[in-house]
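Spelled out from the first residue to the last, the chains are:
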Amino acid sequence: MTRIHTLGFPRMGAQRELKFALEQHWRGEIDREALEAAGRELRRRHWQAQRDAGLDFVTVGDFAFYDHVANHIQLLGCEPARFDFKGDEPELSRYFTMARGVAAEVHDHPGCAHGEHGRFALEMTKWFDTNYHYLVPEFSPHTRFGLASVRLFDEVAEAQKAGHAVKAVLLGPLSFLWLGKEKRAGFDRFSLLESLLPVYEQVLARLKAQGVEWVQIDEPILGLDLPEPWRHAFERVYWQLARNAPKLLLSTYFSPLADNLRLACQLPVAGLHVDAVRAPDELTGVADWLPVHKVLSVGIVDGRNIWRTDPDAALARLRPVAAKHRGELWIAPSCSLLHVPFSLAAEKQLDAELKSWLAFAVEKLGELRVLRAVLDGEEEGEEEGVAEALASARAAVAARRASPRVHRAEVALRLARRVAGDDRRASPFAERQAVQRVRFALPPLPTTTIGSFPQTAQIRAARAAFKRGELDAAGYREKMRAEIALAVRKQEALDIDVLVHGEAERNDMVEYFGEQLDGFAFTANGWVQSYGSRCVKPPIIFGDVARPAPMTLEWTAYAQSLTPRPMKGMLTGPVTILQWSFVRDDQPRSVTTEQIAWAIRDEVDDLERAGIGIVQIDEPAIREGLPLRRAGWKPYLEGATRAFRISASGVGDRTQIHTHMCYSEFNDILPEIAAMDADVITIETSRSDMELLRGFGDFEYPNEIGPGVYDIHSPRVPAVEEMVRLMRKAAAVVPPSKLWVNPDCGLKTRGWAETEAALVNMVAAAKLLRQEL
Ligand code: GLN
Ligand code: ZN
């Protein structure tokens with residue numbers, strides 16, 4: 001008999017109840033007790049949903065008020081000492097201090113380069129290749145561990161009391177250490193392993209004493225290229241942990257096990273979970289290597305995407321495994337369902353056909369039950385509703401496969417017809433640069449901004465009124481034009497050289513384009529946790545992408561009509577649009593990226609025809625798309641840079657293409673950044689004190705660069721001298737003739753007062769430096 005389970009479930013609730021409770025609590029409107037009660041209620045409902053779906057266990061330990069890694073920091077007693085918590089400070093308030101920092105305390109400790117002091121929040125970073133951000137544990141030689149929270153055990157008791165069979169979940173010790181960060185140069189967090197393990201033993205012993213039969217212990221780092229000591233540690237660690245523990249289900253996800261496959265199969269644990277969506281080809285190998293007495297849990301339902309599972313394809317994968325692995329078989333989503341929206345039930349405005357192609361978290365639980373029934377030979381209606389569910393899934397999958405909404409001949413034709421050189425500018429950079437210098441006649445160290453200006457309450461109110469139908473299209477257009485005119489006037493007064501229209505009309509840099517492209521759909525309630533209480537609602541790319549009409553032309557042309565200065569058109573690049581959406585699973589991601597690239601190219605070409613001389617194509621997400629294993633980097637980067645070049649290469653030499661990226665690690669992908677061949681790249685550098693630029697200098701990055709001279713994340717207005725100092729540093733590593741002067745990123749989250757004050761200083765800094773040239 002096959003068993004079904006899930007690695008985790010969305011925490012926010014069907015209507016994002018957790019978000020609202022958290023924010024009320026942070027505003028002081030509800031107390032800790034009320035927040036705890038809200039959490040309890042959500043867990044109760046979510047366990048009940050798992051029970052109702054026929055799962056063999058409910059999963060306990062996946063809930064978190066902010067982040068599950070932060071929960072482990074408290075469970076394992078390693079809150080960083082710099083928070084200097086007083087003995088009587090309640091656990092939950094310490095938790096939120098770590099997650100959110102203490103507002104007045106900025107990290108500004110003379111002589112301390114490693115952030116060991118001050119109560120600024122823990123750093124946040126992406127959870128593997130997802131858009132979920134976890135709080136980064138901090139490790140130093142002073143780190144001590146000790147069982148310090150009973151929250152997990154309380155939750156287990158809570159679920160048991162509700163009558164559920166419990167499978168507890170923990171992040172494994174190696175992954176926990178790996179995901180943390182050393183706060184002392186020269187210190188290796190791996191050295192903490194020995195002192196961490198006894199605490200894990202205690203946790204496991206306690207769960208066992210509570211009567212928990214299974215503990216799912218997540219070690220997703222088995223899908224990474226691990227240094228040898230880390231790989232080697234697995235066996236020893238799990239021998240030690242398994243001694244007095246419940247049965248351990250070691251779970252891996254997001255990436256092929258590759259060279260860790262045999263290791264994972266042979267660890268002394270009672271079961272292994274593998275991601276059969278990301279690594280379908282490894283299933284046979286796992287079934288071969290996994291000893292018969294162990295449970296094999298196959299992650300067959302996609303936990304990272306929103307498509308309904310094709311039952312026949314899933315069964316075709318599962319059956320040979322079931323035949324080969326004569327031990328116990330479990331089936332599950334590939335990873336935690338944290339990464340998909342809650343339920344389709346809330347989607348009232350998606351059309352019925354499209355909706356029938358989708359499955360969110362609740363629906364995915366239902367799919368497990370159907371797959372199990374068929375696998376166990378009960379499809380003949382023994383289990384209620386199975387035959388109907390199977391038939392409807394088959395019909396939906398077939399309809400999607402054949403739908404003209406998905407497959408459009410003209411899009412396929414366009415990709416097929418491509419010719420050599422269609423992703424290359426007509427002339428090499430040096431020639432373009434010469435032509436562009438004559439055309440724009442900009443001063444040395446030209447000034448510009450990254451695109452957005454403050455999204456004021458007024459702008460948001462106008463958009464909301466427009467969406468509610470209280471403001472008609474003409475009225476909305478007038479309001480946005482007024483905002484654009486305001487932005488242009490302000491930039492002229494500031495004496496900025498290359499202007500932008502300010503992006504007033506954009507809700508979001510991906511959604512704005514998705515709404516105007518064919519092949520995209522939007523949900524009403526498809527929220528996914530990004531970090532803490534923050535959720536995003538990614539668009540769904542369901543079909544071939546095409547651009548029925550220009551998307552930004554009217555706004556940009558209007559802005560240009562107001563000024564003789566060059567107006568920079570502003571677009572989001574194909575990789576970023578893809579990366580921040582749910583992507584179709586019926587063709588390679590690279591094909592979808594390329595379709596978007598051609599649509600963006602049409603927009604760039606239209607802008608050029610309308611007399612816009614400079615176009616920026618933002619690609620902040622290129623780095624995020626990097627596969628978890630190095631072996632995948634090259635093909636990915638080739639596709640990504642090619643897509644960018646397709647979008648940028650329809651124009652003549654006189655048109656200047658900019659790109660923008662806002663993250664701080666470039667050095668390992670500089671050749672690919674250069675291969676994008678943008679005439680100008682603007683990047684975030686101020687927080688790294690221009691250190692980041694050194695890589696560009698050493699690499700002799702060929703084209704022009706605008707290193708950000710001030711941090712837009714803070715309302716602080718930087719002084720002229722600060723920016724002068726940063727630009728001098730920049731000019732020491734990159735020839736000044738290649739440099740631009742601009743902020744780190746867009747200014748949409750700032751107010752006008754601080755924005756204008758900062759830009760006055762930025763322009764002054766540029767003018768000062770020009771005199772030195
Ligand atoms: N053009 C966008 C803006 O200025 C870029 C945002 C980003 O890089 N994330 O807002
Ligand atoms: Zn940016």
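These numbers were taken from a predicted model, which means no experiment stands behind them.

About the criteria used
Residues numbered from 1 in each chain as written. Chains lettered and ligands numbered in written order. Predicted model: local features only at pLDDT ≥ 70, side-chain atom pairs only at ≥ 80, totals over all residues. Heavy atoms only, no water. Helix = DSSP H or I, 4+ residues; strand = E, 2+ residues; numbered from the N terminus. Rg over C-alpha atoms; globule rule 2.2 N^0.38 Å. Buried < 20%, exposed > 50% of the residue type's maximum accessible area, 1.4 Å probe, protein only. Contact = heavy atoms within 4.5 Å. Areas by Shrake-Rupley, 256 points an atom, 1.4 Å probe, with all protein chains shown as cover. Lys, Arg positive; Asp, Glu negative; His and termini not counted. Charge placed at Lys NZ, Arg CZ, Asp CG, Glu CD. Donors = N, O, S within 2.8 Å, 3.2 Å for Na, K, Ca; no water. Tetrahedral: all angles 85-135°; square planar, octahedral: opposite > 155°, others 65-115°. Near = heavy atom within 4 Å. Polar contact = N/O pair within 3.5 Å; in protein donor to acceptor, adjacent residues only side chain to side chain. Nonpolar A, V, L, I, M, F, W, Y, C, P; charged D, E, K, R; others polar. Expected span 1.5 Å × (residues − 1). Disulfide = S-S within 2.5 Å. Pairing = 2+ DSSP bridges. Axes fitted to C-alpha atoms, helices over the stretch in contact; angles between N-to-C directions. pLDDT = per-residue confidence, 0-100.

> Sorry if this is basic, but what is going on with the overall build of the protein here?
The number of helices and strands found in the protein is 27 helices and 21 strands. Taken against the 2.2 N^0.38 rule, which gives 28 Å for 773 residues, the C-alpha radius of gyration of the protein at 27 Å falls within 12% of a compact globule. By principal-axis analysis of the C-alpha atoms, the protein measures approximately 75 × 65 × 50 Å. Split into buried and exposed, the 773 residues of the protein put 59% on the buried side. Of the contacts formed within the protein by residues at least 6 apart in sequence, a portion of 78% connects residues at least 24 apart. Looking at the protein as shown, the accessible area adds up to about 29800 Å², and 53% of this sits on carbon and sulfur atoms. Side chains of the protein give 95 positive and 107 negative charges; the mean places of these two sets differ by 1 Å.

> Where do I start with the coordination of the zinc ion (ligand 2) in this structure?
Ideal geometry at a metal gives 109.5 degrees between four tetrahedral donors and either 90 or 180 degrees between six octahedral ones. The coordination sphere of the zinc ion (ligand 2) contains the protein donors H660 (NE2), C662 (SG) and C745 (SG), at a distance range of 2.0 to 2.4 Å. Given 4 donor atoms and angles of 85 to 121° at the metal, the environment of the zinc ion (ligand 2) is assigned as tetrahedral. Each donor residue of the zinc ion (ligand 2) lies on one chain, and together they are spaced H-x1-C-x82-C. By relative accessible area, which is 28% here, C662 ends up partly exposed.

> Would you take a moment to explain unusual backbone geometry for this structure?
Leave glycine aside and you will find that most residues have negative phi; peptide bonds, for their part, are mostly trans. Located in the positive-phi region is D84, a residue other than glycine, with phi close to 55°. Counting through the fold element by element, D84 comes out in the loop between α3 (68-75) and α4 (91-100). Overall, D84 belongs to the partly exposed group, its relative accessible area being 49%. Non-glycine residue M690 carries a positive phi angle of around 70°. As for its placement among the helices and strands, M690 is situated in the loop between β20 (680-683) and α25 (691-698). With relative accessibility at 3%, the residue M690 sits in the buried group.

> Explain the site of ligand 1 to me, please; I cannot follow it from the model alone.
Around ligand 1, 13 residues are found, and the nearest of them are S452, E503, D618, H660 and G746. Contact distances for ligand 1 include 3.1 Å between a nitrogen atom and a backbone N or O atom of I450. Taking E503, its side chain carries an N or O atom lying 2.8 Å from a nitrogen atom of ligand 1. Here ligand 1 loses 93% of its free accessible area of 300 Å² to cover by the protein chains. Classifying every residue of the shell around ligand 1 by side-chain character gives 6 nonpolar, 4 polar and 3 charged.

> Sorry, what's going on with helix α27 (residues 752-772) here?
An α-helix turns once per 3.6 residues; consequently, residues spaced three or four apart project the same way. Relative to the 30 Å expected for 21 residues at 1.5 Å per residue, α27 spans 31 Å between its end C-alpha atoms, a close match to the ideal helical length. Among all positions of α27, only W752, T755, A758, L759, N761, M762, V763, A765, A766, L769 and R770 are buried. As for α27, its buried residues are in contact with α18 (473-494) and α26 (720-733).

> Would you explain the state of the cysteines in this entry?
In a disulfide, the sulfur atoms of two cysteines are held together by a covalent bond. In this structure the tally under the stated criterion is 0 disulfides. No disulfide involves C535; its sulfur sits 17 Å from that of C335, the nearest cysteine.

> What should I look at first to understand the environment of L769 in this one?
Summarising the element assignment, L769 is placed in helix α27. The buried category is assigned to L769, whose relative accessible area is 6%. Counting along the chain gives 46 residues from L769 to M723, while the straight-line C-alpha distance between them is 10.0 Å. With residues near it in sequence (within four places) discarded, L769 still touches L445, V724, M727 and R728.

> Would you explain the sheet that holds strand β2 (residues 58-60) in this entry?
For sheets, the rule is that strands pair by backbone hydrogen bonds, running either parallel or antiparallel. One open sheet holds the 8 strands; their spatial order is β1-β12-β11-β10-β9-β8-β6-β2, and the pairing between them is parallel. Two strands lie at the open edges of the sheet, namely β1 (3-4) and β2, each paired on one side alone. The sheet contact formed by strand β10 (residues 271-275) and strand β11 (residues 295-301) spans 5 bridges and is parallel. Bridging from a neighbouring strand, H273 pairs with S297 of β11. Together, β11 and β12 (329-333) form the strand contacts of helix α11 (residues 311-324), whose direction differs from that of β11 by roughly 170°.

> What's the story with the confidence of the model for the protein in this structure? I'm lost.
Looking at the protein as a whole, the pLDDT averages 95, with 97% of positions reaching at least 70. Across residues 109-114, confidence stays below pLDDT 50; counting only partners more than four residues off in sequence or on other chains, it has 5 contacts. Two numbers describe this predicted complex: its pTM, 0.95, and its ipTM, 0.99.

> Whenever I open this one, the side chain of D422 confuses me. Can you help?
Take D422: it is sitting in the loop between α15 (409-416) and α16 (429-440). Ignoring any residue separated from it by four or fewer positions in sequence, one finds D422 in contact with W598, R601, R642, I646 and S649.

> I would appreciate a short explanation of the pairing of strand β6 (residues 166-171) in the present structure.
In summary, the side chains of a regular strand alternate between the two faces of the sheet. A large share of β6 lies buried, amounting to 6 of its 6 residues. Alternating positions in β6 separate into two faces, V166, A168 and L170 on one and K167, V169 and L171 on the other, with burial throughout. Both β6 and strand β8 (residues 214-218) contribute to a ladder of 5 bridges, which runs parallel. Bridging across to β8, L171 finds its partner in D218.

> Would you explain helix α22 (residues 589-609) in this entry?
Between its terminal C-alpha atoms α22 stretches 31 Å, which fits the 30 Å expected from 21 residues at 1.5 Å a residue. α22 sits mainly inside the fold: 16 of its 21 residues count as buried. Directly after α22, the chain includes G611, whose backbone phi takes a positive value near 90°.

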